Amino acid sequence: MNPDIAPVIRIRGLTKRYASGAVALKPVDLDIAKGEIFALLGPNGAGKSTLINIICGIVTPSSGSVTADGHDIQREYRAARAKIGLVPQELTTDSFETVWATVNFSRGLFGKPANPDYVARLLRDLSLSDKRNARIMSLSGGMKRRVMIAKALSHEPEILFLDEPTAGVDVELRRDMWNLVRSLRERGVTVILTTHYIEEAEEMADRVGVINKGELILVEEKRTLMKTLGKRQLVLHLASPLSAVPPELGPWRLELSAGGHELVHTVDGDRSIDVAALLERMSSLSIGIRDLQTHQSSLEEIFVSLVSRHA
Amino acid sequence: MSFPSPRAGSGKRLDFNHHGVWAIYRFEIARALRTLVQTLVTPAITTSLYFVVFGAAIGSRLDSLGGVGYGAFIVPGLMMLAIFSESMSNASFGIFFPKFTGTIYEVLSAPISYVEIVIAYVGAAATKSIVLGLTILATASLFVPVHILHPGWMIAFLLVNAVTFSLFGFILGLWATGWEQLQLIPMLVVTPLTFLGGAFYSISMLPPAWQTVSLFNPIVYLISGFRWSFYGTADVRVGLSLAFTLGFFAACLGVVALIFKTGYRLKN
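This one's a predicted model, so the numbers in the text were calculated from it and none came from an experiment.

Undergrad: I'm lost on the overall build of chain B in this one. Help?
TA: Along chain B, the regular secondary structure elements total 10 helices and zero strands. Helices and strands appear in chain B in the N-to-C order α-α-α-α-α-α-α-α-α-α. Its C-alpha atoms give chain B principal-axis dimensions of roughly 80 × 35 × 35 Å. Across the 268 residues that make up chain B, the buried fraction comes to 49%. Sequence-distant contacts, at least 24 apart, represent 80% of the contacts inside chain B between residues at least 6 apart. Carbon and sulfur atoms form 71% of the exposed surface of chain B, whose accessible area is close to 12300 Å². Treating the 14 positive side-chain charges of chain B as one cloud and the 8 negative ones as another, the clouds have centres 8 Å apart.

What follows is the structure, encoded as structure tokens:
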């Protein structure tokens, strides 16, 4: 994130303790830059939705502050909320309203004058044009999800929150959603999404935040995260098992696994090893190799190891 | 941010979200229009039935009350009965249903103040019940001669009572956590008090002991004042009626203000 540009979302010391005494958020500090796609990862109940709901005005924070485009979400809630669109996790829509009516309702609710052209274009972008006069209850789950996105975008927000946007969504809609997020980014809209499909964060996000038990345990550029925390391994499947790593192979820092059937080298950061020399050496030692694999850990593995470390 | 944003403070410029209020108001009115039969035709038929039963069958055997025929006498009571129950059910349902389905998230995340939310929901509920009250008045005038002595006061009482019971309904809708609770107060408290509050009779017709008991029923004052605006006769002094009407209005307004100060049942 470029530190010279004022963040579009600025969170300082934000906490939430529910009346039951349950702590949903420990002090959270976070800056989100204008136009970035930020993915908030975390297991169920980690505090992702609480964080989003506080920023959007649905949950009152216990302490701390949040500004949206420079407006304090409590003292200047009108200006702050006018900038924000929210697609909540649950499919909560009216039933008897038409698609057209409900999207225009949202636009009015957020203080914008009617703009039929904009709403028509929005429905077209979301493949909802032919459903505009349909009652919401007659739509499929995927279509309802599209309606909720249309509602969230109805007032042309500059910041969009997508809470688990692709949970229970078919492949086509998921792809459309990803395209939508990219096109929003091109228009300068900041997108903050929560997900536990890590593949999604891997695909779309510029930066990733990991939240666990109400604590933001890591915020990092996705690329850096993959590079520093991702493990690369070279696995050599041996023709016949070894009982120990031969001392001649010491410089390559190999480990024996799979009952002596595999030799594994774990790449440390960016330092790569001379694989050709290793293979040559093994050949001179008459160690037969049946197969060779390299393996790079995904964001998912990184995430799982992070969360379990902080458990 | 360490430096003031040039746009900081622009929140104060948007002082009233009239688009937002209008959106909710229209949504609520549209809900009534979808169920026009239930909203207007049903009460009109019910009123007609009251006149067939009380006006023609029973009323013809009763003496006039203070110079007013029984059929005409019950018109203000019937109107109030409808105003009370429709205001309450419209406003309570209006806010309870989005809470129940979860669509309230959108209202809570919108740049709209609590005052504006109340104006929109209560305004819509009051509008609907006033239209209904006037429908009943029009239906009634087909059966009995209705004349209104103080039309200005009649409108004023109608308006304040519609808004008051809409506010009351809004409170009920916020408070209720289930459908049963939503019905509880209207069915068990307000409807009995209304029936015992002189909607269909003058409390002077009761034995003295019960007349005294009736004076503890606040609804008596509301109905009596409204009836006075029609016929100039009342069970209690009209000043008292006015005081009770405004007092109840102020009380409901106060409770709503208190609820919003604490975010009760809306935010946690």
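Undergrad: Explanation requested: the sheet that holds strand S1 (residues 9–17) of chain A in the structure shown.
TA: One key point about sheets: their strands pair by backbone hydrogen bonds, in either a parallel or an antiparallel sense. Residues and elements named next belong to chain A. A sheet is described by the order of its strands in space; here four strands give the open sequence S2-S1-S4-S5, paired in antiparallel fashion. Each of the sheet's edge strands pairs with one partner strand only, and the pair in question is strand S2 (23–32) and strand S5 (71–72). Pairing of strand S4 (residues 63–68) with S5, which is carried by two bridges, proceeds in the antiparallel orientation. In the strand pairing of S5, Thr67 is matched with Asp72. This element, helix H1 (residues 48–56), spans S1, S2 and S4 of the sheet and lies at about 115° to S1.

Undergrad: Is there a simple way to explain the packing of aromatic side chains in this structure?
TA: Two aromatic rings, taken as a pair, are described by how far apart their centres are and by the angle between their planes. Counted under the stated rule, the structure contains 25 aromatic pairs over all chains. Taking the centre distance of 4.2 Å and the plane angle of 15° together, the rings of Tyr114(B) and Phe260(B) count as stacked. Linking Tyr114(B) in helix H5 (residues 114–143) with Phe260(B) in helix H10 (residues 238–262), this pair joins segments that are 146 residues apart in sequence. Accessibility expressed as a relative area gives 23% for Tyr114(B), which makes it partly exposed. A residue is classified by how much of its surface remains accessible, and Phe260(B), at 9% relative accessible area, is buried. Here a set of aromatic residues connected by ring pairs shows up, and it is made of Phe93(B), Phe96(B), Phe97(B), Phe100(B) and Trp179(B). Over the ring of Trp100(A) we find Arg132(A); its NZ or CZ atom is 3.9 Å from the centre of that ring. Between Arg227(B) and the ring centre of Phe73(B), over which it is positioned, the NZ or CZ distance is 3.7 Å.

Undergrad: Mind showing me how you'd approach the packing of helix H6 (residues 151–175) of chain B against H10(B) here?
TA: Pairs of packed helices are described in terms of their axes, by the angle between the two and the distance that separates them. Residue and element names in this part refer to chain B. Interhelical geometry of H6 versus H10 gives an angle of 30° and a closest axis separation of 9 Å. On the basis of their axis angle, the class for H6 and H10 is roughly parallel. For H6 against H10, the interelement crossing comes out left-handed.

Undergrad: Just to check I follow, could you spell out the pairing of strand S10 (residues 215–221) of chain A for this structure?
TA: Taken residue by residue, a regular strand's side chains alternate between the two faces of the sheet. Residues and elements named next belong to chain A. Inspection of the sheet shows strand S9 (residues 207–212) paired to S10 by six bridges, in the antiparallel sense. Paired with Gly209 across the bridge in S10 is Val219. Between the antiparallel neighbours S9 and S10 lie two residues, among them Lys213 with a positive phi of about 50°.

Undergrad: Looking at this structure, I do not really get helix H1 (residues 18–34) of chain B. What am I missing?
TA: With 17 residues, H1(B) should reach 24 Å at 1.5 Å per residue; the first-to-last C-alpha distance of 24 Å fits that figure. Along H1(B), the residues classified as buried are Gly20(B), Val21(B), Ala23(B), Ile24(B), Phe27(B), Glu28(B), Ile29(B), Arg31(B) and Ala32(B).

Undergrad: Is there a simple way to explain the interface of chain A and chain B in this structure?
TA: Note on interface size: it is often stated as the accessible area lost on association of the parts. Every contact between the two is made by 40 residues of chain A and, on the other side, 32 residues of chain B. Interface of chain A and chain B: buried area, both sides summed, is about 3200 Å²; carbon and sulfur atoms make up 57% of it. Our enumeration of links across chain A and chain B arrives at three salt bridges. Two residues, Glu116(B) and Arg78(A), come together in a salt bridge whose shortest N-O distance is 2.8 Å. Where chain A meets chain B, there are 10 residue pairs in polar contact (both at pLDDT 80 or more). Broken down by secondary-structure element, the contributors of at least two residues to the side of chain A that touches chain B are S1, helix H2 (77–82), helix H3 (99–109) and helix H5 (141–153) of chain A. Residue classes in the side of chain A that touches chain B are distributed as 17 nonpolar, 10 polar and 13 charged.

Undergrad: Can you help me understand the packing of H1(B) against H5(B) in this one?
TA: Residues and elements named next belong to chain B. Contact pair H1 / H5: the axes reach a minimum separation of 8 Å and the direction vectors enclose 30°. Taken as axis vectors, H1 and H5 run roughly parallel relative to one another. Our pair here, H1 against H5, has a crossing hand that is right-handed. From H1, Val21, Ile24, Tyr25, Glu28, Ile29, Arg31 and Ala32 reach across to H5, where they touch Glu116, Ile119, Ala120, Tyr121, Gly123, Ala124, Thr127 and Lys128.

Undergrad: Looking at this structure, I do not really get the sheet that holds strand S13 (residues 262–267) of chain A. What am I missing?
TA: Residues and elements named next belong to chain A. Here four strands make up an open sheet; going across it, the order is S12-S13-S11-S14 and the pairing antiparallel. Of all the strands in the sheet, just strand S12 (254–257) and strand S14 (289–296) have a single pairing partner and so form its edges. Taking the axes of each pair of neighbouring strands and ignoring which way they run, one obtains an average angle of 25° across the sheet. Sheet analysis places strand S11 (residues 232–238) next to S13, joined by six bridges and oriented antiparallel. If you follow Gln233 over to S13, its bridge partner there is Thr266. Most of the contacts of helix H9 (residues 275–284) go to S11, to which it runs at about 20°, and overall it touches S11, S12, S13 and S14.

Parameters at a glance
Residues numbered from 1 in each chain as written. Chains lettered and ligands numbered in written order. Predicted model: local features only at pLDDT ≥ 70, side-chain atom pairs only at ≥ 80, totals over all residues. Heavy atoms only, no water. Helix = DSSP H or I, 4+ residues; strand = E, 2+ residues; numbered from the N terminus. Buried < 20%, exposed > 50% of the residue type's maximum accessible area, 1.4 Å probe, protein only. Contact = heavy atoms within 4.5 Å. Areas by Shrake-Rupley, 256 points an atom, 1.4 Å probe, with all protein chains shown as cover. Lys, Arg positive; Asp, Glu negative; His and termini not counted. Charge placed at Lys NZ, Arg CZ, Asp CG, Glu CD. Pairing = 2+ DSSP bridges. Axes fitted to C-alpha atoms, helices over the stretch in contact; angles between N-to-C directions. Phe/Tyr/Trp six-rings, centres within 6.5 Å; stacked < 30°, edge-to-face > 60°. Lys NZ or Arg CZ within 6 Å of the ring centre and 35° of its normal. Parallel < 35°, antiparallel > 145°, perpendicular 65-115°, else oblique. Left-handed = near helix turned anticlockwise from the far one by under 90°. Expected span 1.5 Å × (residues − 1). Buried area = accessible area lost by both parts, 1.4 Å probe. Salt bridge = Lys/Arg side-chain N within 4 Å of Asp/Glu carboxyl O. Polar contact = N/O pair within 3.5 Å; in protein donor to acceptor, adjacent residues only side chain to side chain. Nonpolar A, V, L, I, M, F, W, Y, C, P; charged D, E, K, R; others polar.

Note that every value here comes from positions in space, so none of it alone points to a role or purpose.
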